[in-house]
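Listed below, chain by chain, are the residues.
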Amino acid sequence: MDISYWLVFFTAALALNLAPGPDLMFVLSRTVTQGRRVGLASAAGVSTGALVHVAAAAFGLSAVLATSAEAFAAVKWLGAVYLICLGIQT
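For clarity, every value in this text was computed on a predicted model and none was experimentally measured.

Engineer: Can you help me understand the overall build of the protein chain in this one?
Structural biologist: What the protein chain contains, in helices and strands, is five helices and zero strands. Listing the helices and strands of the protein chain from first to last along the sequence gives α-α-α-α-α. For 90 residues, the compact-globule estimate of 2.2 N^0.38 gives 12 Å, and the C-alpha radius of gyration of the protein chain, at 17 Å, exceeds that figure by more than 25%. Taking all 90 residues of the protein chain together, 4% fall into the buried category.

As structure tokens, this is what we get:
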């Protein structure tokens, strides 16, 4: 591969990582309303979630979910149940 492809890729990746998104707004709002300790815990949670997501993709979970409708449905329903549980707790 030509070096120019890598340069474009890394430039785009850097721009996407530096752009503020929902995770930054979440951490910022928690820090402002509840303090530094809660903000750091929120940042750690967001980072842990990203790490798990990247690890799952690296181990091929994305390919499995893309090819298996049953696996995708199972993950979708587990996520829905998890969100419902979070809503009830809140």
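Engineer: Sorry, what's going on with helix α2 (residues 22–34) here?
Structural biologist: Owing to its 3.6 residues per turn, the α-helix brings residues three or four apart onto one side. The first and last C-alpha atoms of α2 sit 18 Å apart over 13 residues, in line with the 18 Å expected at 1.5 Å per residue. G35 occupies a position one or two residues after α2 and carries a positive phi of about 105°.

Engineer: Explain the packing of aromatic side chains here, please?
Structural biologist: Aromatic rings in a pair are described by how distant their centres are and how their planes are angled relative to each other. Applying the stated criterion across every chain, the model contains three aromatic pairs. Relative to F9, the ring of W6 has its centre 6.2 Å away and its plane inclined at 90°; by these criteria the two rings are edge-to-face. Here W6 pairs with F9, and both are found in helix α1 (residues 3–18), just three residues apart, close to one helical turn. Note on F9: relative accessible area 47%, which makes it partly exposed. Taking 5.7 Å as the distance between ring centres and 25° as the angle between the ring planes, the aromatic pair formed by W6 and F10 counts as stacked. Of this pair, W6 and F10 both sit in helix α1, four residues apart, which is roughly one turn of that helix.

Engineer: Sorry, what's going on with the packing of α2 against helix α3 (residues 36–58) here?
Structural biologist: Each pair of packed helices can be described by the angle between their axes along with the distance between the axes. Running from N to C, α2 and α3 point in directions that differ by 160°, and their axes come no closer than 7 Å. Accordingly, the angle class assigned to the pair α2 and α3 is roughly antiparallel. Seen along the crossing, α2 lies across α3 with a hand that is right-handed. Two secondary-structure elements touch here, α2 through D23, F26, V27, R30, T31 and Q34 and α3 through R36, V38, G39, S42, A43 and V46. Among the residues making up the contact of α2 with α3, the classes are represented as five nonpolar, four polar and three charged.

Definitions and cut-offs
Along each chain, residues carry numbers from 1 onward, in the same order as the chain's sequence is written. Where local features are concerned, this predicted model is filtered to residues with pLDDT of at least 70; where side-chain atom pairs are given and counted, the filter is 80 or more; whole-chain, interface and lining totals use all residues. Derived side-chain values reflect all non-hydrogen atoms in the structure, with water molecules and hydrogen atoms excluded from consideration. Helix and strand definitions follow DSSP, with helices as H or I runs of at least four residues and strands as E runs of at least two, each counted in order from the N terminus. Only the C-alpha atoms count toward the radius of gyration. The rule for a globule is 2.2 Å times the residue count to the power 0.38. A 1.4 Å probe rolled over the protein chains alone gives each residue an accessible area, and that area as a share of the maximum for its type sets the label: buried under 20%, exposed over 50%, partly exposed in between. Expected span, for any helix, means 1.5 Å times one less than how many residues it has. To pair, rings of Phe, Tyr and Trp, with the six-membered ring standing in for Trp, must have centres within 6.5 Å; the planes then decide the type, stacked if under 30 degrees apart, edge-to-face if over 60, and tilted in the middle. Comment: axis = line fitted to C-alpha atoms, over the contacting stretch for helices; angle = value between 0 and 180 degrees taken between N-to-C directions. Angles below 35 degrees are treated as roughly parallel, those above 145 as roughly antiparallel, those between 65 and 115 as roughly perpendicular, and all remaining angles as oblique. Working rule for handedness: look at the near helix, and if it is turned counterclockwise from the far one by less than a right angle, call the crossing left-handed; if clockwise, right-handed. Contact between two residues is taken to exist if any of their heavy atoms lie within 4.5 Å; hydrogens are not considered. Three classes are used: nonpolar for Ala, Val, Leu, Ile, Met, Phe, Trp, Tyr, Cys and Pro, charged for Asp, Glu, Lys and Arg, and polar for all others, with Gly counted as polar.

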